[in-house]
Amino acid sequence: MTTPAWLQGVQSATPRHALLLGLTLSAANPKVLLLAVAGGVAIGAGDMGPLRQASGVFGFALASSLSVALPLSAFMIAPGKAMPLLARLREWLEANADAVMAAVFLALGAALVLKAFGSL
């Protein structure tokens with residue numbers, strides 16, 4: 001599987017360009033939008049007070065940002081050790097992107113079904 005040209009350009013992007021690209025891809029990606037809406041609906045539909053809703057929003061935002069925060073933290077702490085690991089992780093994700101997305105959507109679907117039946 002070859003890497004798309006736009007993704008190859010990310011490796012040499014400036015921090016500003018990477019931020020703008022990340023925001024654009026997040027806003028334009030229907031998968032990200034679907035996950036965000038499902039998270040918002042699950043938090044908003046719950047019978048919780050404002051403090052619990054705020055903690056739900058915080059937890060959702062924290063969990064959502066881990067896929068960016070953990071690799072960035074590893075790189076900032078130990079770039080020499082992190083780069084080979086991140087390269088292997090990137091190769092694995094490129095090869096298994098469909099399976100990863102299927103697992104995420106299955107887990108989300110199961111959580112929504114359990115929530116609908118009051119088991120969650």
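Bear in mind the structure is a predicted one, so any value in this text is a computation, not a measurement.

The rules behind each value
- Residues numbered from 1 in each chain as written.
- Predicted model: local features only at pLDDT ≥ 70, side-chain atom pairs only at ≥ 80, totals over all residues.
- Heavy atoms only, no water.
- Helix = DSSP H or I, 4+ residues; strand = E, 2+ residues; numbered from the N terminus.
- Expected span 1.5 Å × (residues − 1).
- Buried < 20%, exposed > 50% of the residue type's maximum accessible area, 1.4 Å probe, protein only.
- Arc of directions from axis to C-beta.
- Contact = heavy atoms within 4.5 Å.
- Axes fitted to C-alpha atoms, helices over the stretch in contact; angles between N-to-C directions.
- Parallel < 35°, antiparallel > 145°, perpendicular 65-115°, else oblique.
- Left-handed = near helix turned anticlockwise from the far one by under 90°.
- Nonpolar A, V, L, I, M, F, W, Y, C, P; charged D, E, K, R; others polar.
- Patch = residues over 30% accessible without salt bridge, like charges linked within 9 Å, V, L, I, M, F, W, Y side chains within 5 Å.
- Areas by Shrake-Rupley, 256 points an atom, 1.4 Å probe, with all protein chains shown as cover.
- Salt bridge = Lys/Arg side-chain N within 4 Å of Asp/Glu carboxyl O.

Draft legend 1. Examining helix 3 (residues 30–45) more closely. The end-to-end C-alpha distance of helix 3, which contains 16 residues, comes to 22 Å, matching closely the 22 Å that a straight helix rising 1.5 Å per residue would cover. Turning to helix 3, its buried residues number three or more, namely A38, G39 and I43. Buried residues of helix 3, seen end-on, are gathered within an arc of 125 degrees and therefore sit on one face of the element. Across from the buried face of helix 3, at angles greater than 90 degrees, the exposed residues are P30, V41 and A45. Those residues of helix 3 that are buried are in contact with helix 4 (50–77) and helix 6 (97–116).

Draft legend 2. Here's a closer look at the environment of L86. Checked against the element boundaries, L86 lands in helix 5 (residues 79–95). With a relative accessible area of 23%, L86 lands in the partly exposed category. Through-space distance from the C-alpha of L86 to that of F75 is 8.6 Å; in sequence the pair is 11 residues apart. Apart from residues no more than four positions distant in its own chain, L86 is found in contact with P71 and F75.

Draft legend 3. Representation of the packing of helix 3 against helix 4. Orientation of helix 3 relative to helix 4, taken along the N-to-C sense of each, is 160 degrees, at an axis distance of 10 Å. Here helix 3 lies roughly antiparallel to helix 4, going by the angle between them. Considering the relative orientation of helix 3 and helix 4, their crossing is right-handed. Contacts between helix 3 and helix 4 involve L35, A36, G39, I43 and G44 on the former and, on the latter, Q53, G56, V57 and F60. Here the residues of the contact of helix 3 with helix 4 sort into 5 nonpolar, 4 polar and no charged.

Draft legend 4. Spatial organisation of a nonpolar patch on the surface. A surface patch of nonpolar side chains, about 410 Å² in accessible area, is lined by F58, L62, L66 and L70. Within the secondary structure, F58 sits in helix 4.

Draft legend 5. The packing of helix 3 against helix 6, seen in detail. Between helix 3 and helix 6, whose axes approach to 12 Å, the crossing angle comes to 20 degrees. Between helix 3 and helix 6, the crossing angle belongs to the class labelled roughly parallel. As for how helix 3 packs across helix 6, the hand of that crossing is left-handed. Contact residues: helix 3 offers K31, L34, L35, A38 and A42, while helix 6 offers M101, V104, F105, L108, L112 and K115. When the residues that make up the contact of helix 3 with helix 6 are grouped by side-chain class, the tally is 9 nonpolar, no polar and 2 charged.

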